[in-house]
Amino acid sequence: MEDKLIRLDVNHMMADMLGLQCGVNPAEVDALAVFAKRAQENVAAKRGTGMLGWTELPYNQEEVVEKLLNVAAHVREKFDAFVVLGIGGSALGPIAIQQALNHLHYNELPKAKRNGPRLYVEDNVDPERMAALLDVIDPKTTCFNVITKSGATAETMSQYLIVSDLLKREVGEGWQEHIIATTDESRGNLIKLVKSEGFESFVIPNGVGGRFSEMCPVGLLAAAVCGIDIRAMLRGAAMMDEACKSSDVWKNPALLEATLQYICSEEMGVNVHVMMPYADSLRYIADWFCQLWAESLGKNVTRKGMAVNVGQTPVKSLGVTDQHSQLQLYTEGPYDKVVTFLKVENYRAETKIPHGCEEIPDVAFLGGKSHNQLIQAERVGTEYALYRAGRMSQTITLPEVNANTIGQLLYFFEMTTAYMGEFLDIDAFNQPGVEESKLASFAVLGHPAEKFAKKRDEMATQPKEKDKYIL
Ligand code: PA5
């Protein structure tokens, strides 16, 4: 299939469709056009610098891609399982890409039908999960990809300790060949280990934060190991970058999207953003989006230090499954939500529905149709139900789910997020709110450093919990 652009359709966001009370007046978009132009120009001017290093990933990785493909080929030849150890931005991308671009039951396929080793992405420290992983892999035939930009993340480094200990015991000499590290070039603890142990390694480039890192070795290694066309992903990202070059809000999809979401959240009180793919393959793209949107835009201070509390709450919802669990709220609950449908034009399989049950007309009418038709009809039905209830929705159409369109989609959301940061005048690339919980948990665990001791003292000043509130 030739590379086709994905499309953003915002008809169901607009007052033309929903009326002035419920939809966005196009005049409001026009009124923000200058603001939008400035946002686009600011991002364009800062490309490739500071925390905008990710904008250049589609263009500056040819050498890295060569190395990724070579290492991936070696891993495919030598190992039966590939385990990613990472969390947040170091895990959600690899999970989303594998689900989108490989067989939906990839790990269960026989080896001959798989594009590479079985893939596991371990993004939690639930002890039962680690125990369960160790039940299904053999360390002797497993390669572990430890991914952490900071090299300081407790979850990932604790997993490293467990796995390296296991490898030393089970594999012995040469255990280091079972570990590939993906981390910062010079900062953090993992790079020290790369140097002392001689692990194979990949660099997370400067200016590429966790949640913007899928299209660098963080995501590309696991994808290449599992046979995904990583060059096509990068090509897709470049196509979307090109589509976002205009500073005219009506000609740049990411800019229009940011403008609309800014109007929704700042002017209409629409503070919940529901991401609803109509494809199982895209279900974890919704998780990836949720992190990108939440961690980038949920901020309490502007870049100039003014107190604010901004950020839409992203929610994951799967079509059609969640029509039967969440849609009631979306059509009749508070007017605080916007729904983004991810539509797939051509699914990679067709499931025909056979004729039958002729005596029951309500069932028989399904015969001769296909699940492809049913899922499209249900998406149209949901869009209509929202419209009738005066609720906003929009649709991003993927001609097909493939490496190119997924590259486009991720880049589209990343660019939209960068523009939103400009609109809201916040730092979309930091995450100070996450730091507090990290500090507190290290303090609880008894980390000896002074800052954690201080945190322990501070935590002791919390009001005492009362028994009467515990039933
Ligand atoms: O987006 C982010 O920056 C975070 O979600 C990080 O990816 C996450 O906290 C893991 O950090 P690190 O890669 O440093 O281990």
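What counts, and at which threshold
- Residues numbered from 1 in each chain as written.
- Predicted model: local features only at pLDDT ≥ 70, side-chain atom pairs only at ≥ 80, totals over all residues.
- Heavy atoms only, no water.
- Pairing = 2+ DSSP bridges.
- Helix = DSSP H or I, 4+ residues; strand = E, 2+ residues; numbered from the N terminus.
- Axes fitted to C-alpha atoms, helices over the stretch in contact; angles between N-to-C directions.
- Contact = heavy atoms within 4.5 Å.
- Phe/Tyr/Trp six-rings, centres within 6.5 Å; stacked < 30°, edge-to-face > 60°.
- Buried < 20%, exposed > 50% of the residue type's maximum accessible area, 1.4 Å probe, protein only.
- Lys NZ or Arg CZ within 6 Å of the ring centre and 35° of its normal.
- Disulfide = S-S within 2.5 Å.
- Near = heavy atom within 4 Å.
- Polar contact = N/O pair within 3.5 Å; in protein donor to acceptor, adjacent residues only side chain to side chain.
- Areas by Shrake-Rupley, 256 points an atom, 1.4 Å probe, with all protein chains shown as cover.
- 1 Å grid on protein atoms, 1.4 Å probe; cavity = no way out; pocket = protein on both sides within 12 Å on 5 of 7 lines; lining within 4 Å.
- Sits in = over half its atoms within 2 Å of the grid points.
- Right-handed = clockwise from strand over helix to strand, strands pointing away.
- Expected span 1.5 Å × (residues − 1).

Chemist: Help me get a handle on the sheet that holds strand S11 (residues 337-346), residues and values and all.
Modeler: A sheet is described by the order of its strands in space; here five strands give the open sequence S1-S12-S11-S7-S10, paired in mixed fashion. Where the open sheet ends on each side, the last strands, each with one partner, are strand S1 (7-9) and strand S10 (313-316). Ignoring which end each strand starts from, the neighbouring axes of this sheet average 20° apart. As paired elements, S1 and strand S12 (residues 392-400) share three bridges and run antiparallel to each other. Note that in S12 the partner of Leu-8 across the bridge is Ile-396. Together, strand S7 (272-277), S10 and S11 form the strand contacts of helix H12 (residues 283-297), whose direction differs from that of S10 by roughly 170°. Across the sheet, helix H16 (residues 403-424) is in contact with S1, S7, S11 and S12; its angle to S12 comes to roughly 150°.

Chemist: Give me the lowdown on the packing of aromatic side chains, citing residues and values where you can.
Modeler: Evaluated as defined, the whole model comprises 15 aromatic pairs. Relative to Tyr-387, the ring of Tyr-384 lies with its centre 5.6 Å away and its plane at 40°, an arrangement referred to as tilted. With Tyr-384 and Tyr-387 both in helix H15 (residues 371-388), this residue pair falls three residues apart, about one helical turn. Taking the relative accessible area as the measure of exposure, Tyr-387 reaches 31% and is therefore partly exposed. A centroid spacing of 5.3 Å and a plane angle of 35° characterise the contact between Phe-442 and Phe-452, whose relative ring orientation is tilted. One end of the pair, Phe-442, is in helix H17 (residues 432-444); the other, Phe-452, is in helix H18 (residues 450-459), and 10 residues separate them in sequence. A relative accessible area of 22% means that Phe-442 is categorised as partly exposed. Grouped by ring-pair contacts, the aromatic residues Trp-288, Phe-289, Trp-293, Phe-412 and Phe-413 constitute a single cluster. Its end group placed over the ring of Phe-202, Lys-67 keeps NZ or CZ at 4.6 Å from the ring centre. Above the plane of the ring of Tyr-335 lies Arg-391, whose end atom (NZ or CZ) is 3.6 Å from the centre.

Chemist: Residue-level account of the state of the cysteines, with values.
Modeler: Enumeration over the complete set of coordinates arrives at zero disulfides. Cys-226 supplies the cysteine sulfur nearest to Cys-216, a cysteine that is in no disulfide, at a spacing of 17 Å. Free cysteine: Cys-290, not disulfide-bonded; nearest cysteine sulfur from Cys-264 at 16 Å.

Chemist: With reference to specific residues and values, describe the environment of Tyr-411.
Modeler: Among the secondary structure elements, Tyr-411 is positioned in helix H16. With 34 residues separating them in the primary sequence, Tyr-411 and Ala-377 have C-alpha atoms 28 Å apart. In this view, Tyr-411 contacts Arg-47, Trp-54, Thr-55, Pro-58, Met-215, Ala-237, Met-240 and Asp-241; residues no more than four positions away in its chain are not counted.

Chemist: Tell me about the site of the ligand, and please be specific about residues and values.
Modeler: As a structural note, the neighbourhood of the ligand is formed by 13 residues, with Thr-148, Lys-149, Ser-150, Thr-153 and Gln-291 the closest of them. In this structure, Gly-89 approaches the ligand through a main-chain N or O atom, which is 3.0 Å from an oxygen atom. One of the side-chain nitrogen or oxygen atoms of Glu-295 is found 3.1 Å away from an oxygen atom of the ligand. Burial of the ligand by the protein amounts to 89% of the accessible area it has alone, namely 380 Å². In this structure the site holding the ligand corresponds to the largest pocket.

Chemist: I'd like to hear about the sheet that holds strand S6 (residues 200-203), residue by residue, with values.
Modeler: With parallel pairing, the five strands of this open sheet are ordered in space as S3-S2-S4-S5-S6. The open sheet has two edge strands with one neighbour each: strand S3 (118-122) and S6. Averaged over all pairs of adjacent strands, the angle between strand axes in this sheet comes to 15°, irrespective of strand direction. Taken strand by strand, helix H8 (residues 189-197) contacts strand S4 (142-148), strand S5 (179-183) and S6, and its axis lies near 140° from that of S5.

Chemist: Explain the environment of Ala-96 to me, and be specific about the residues and the numbers.
Modeler: The topology assignment puts Ala-96 in helix H5 (residues 92-101). A C-alpha to C-alpha distance of 6.7 Å links Ala-96 and Trp-288, two positions 192 residues apart in sequence.

Chemist: Which residues make up the pairing of strand S2 (residues 81-85), and what are the values?
Modeler: The buried fraction of S2 amounts to five of the five residues, a majority that puts the element mostly inside the structure. Neither face of S2 is exposed, since Ala-81, Val-83 and Leu-85 on one face and Phe-82 and Val-84 on the opposite face are all buried. Alignment of S2 against S3, held across five bridges, turns out to be parallel. Counted as the bridge partner of Ala-81 is Arg-118 from S3. Regarding the hand of the β-α-β motif, the stretch spanning S2, H5 and S3 is right-handed. Across five bridges, S2 lies against S4 in parallel orientation. Bridge pairing links Leu-85 to Val-146 in S4.

Chemist: Explain H16 to me, and be specific about the residues and the numbers.
Modeler: Relative to the 32 Å expected for 22 residues at 1.5 Å per residue, H16 spans 32 Å between its end C-alpha atoms, a close match to the ideal helical length. The element H16 is largely enclosed, with a buried count of 22 among its 22 residues. The N-cap of H16, judged by a side-chain oxygen 3.0 Å from the amide nitrogen of Asn-404 a few residues on, is Asn-402. Positive phi shows up at Asp-425, right after H16, with a value of about 55°.

Chemist: Help me get a handle on unusual backbone geometry, residues and values and all.
Modeler: The general pattern is negative phi for most residues beyond glycine and trans for most peptide bonds. With omega at -5°, the peptide bond leading from Gly-319 into Val-320 counts as cis. Within the chain, Cys-357 stands out as a residue other than glycine whose phi angle is a positive 50°. Among the structural elements, Cys-357 can be located in the loop between S11 and helix H14 (361-364). One non-glycine residue, Asp-425, lies in positive phi territory at about 55°.

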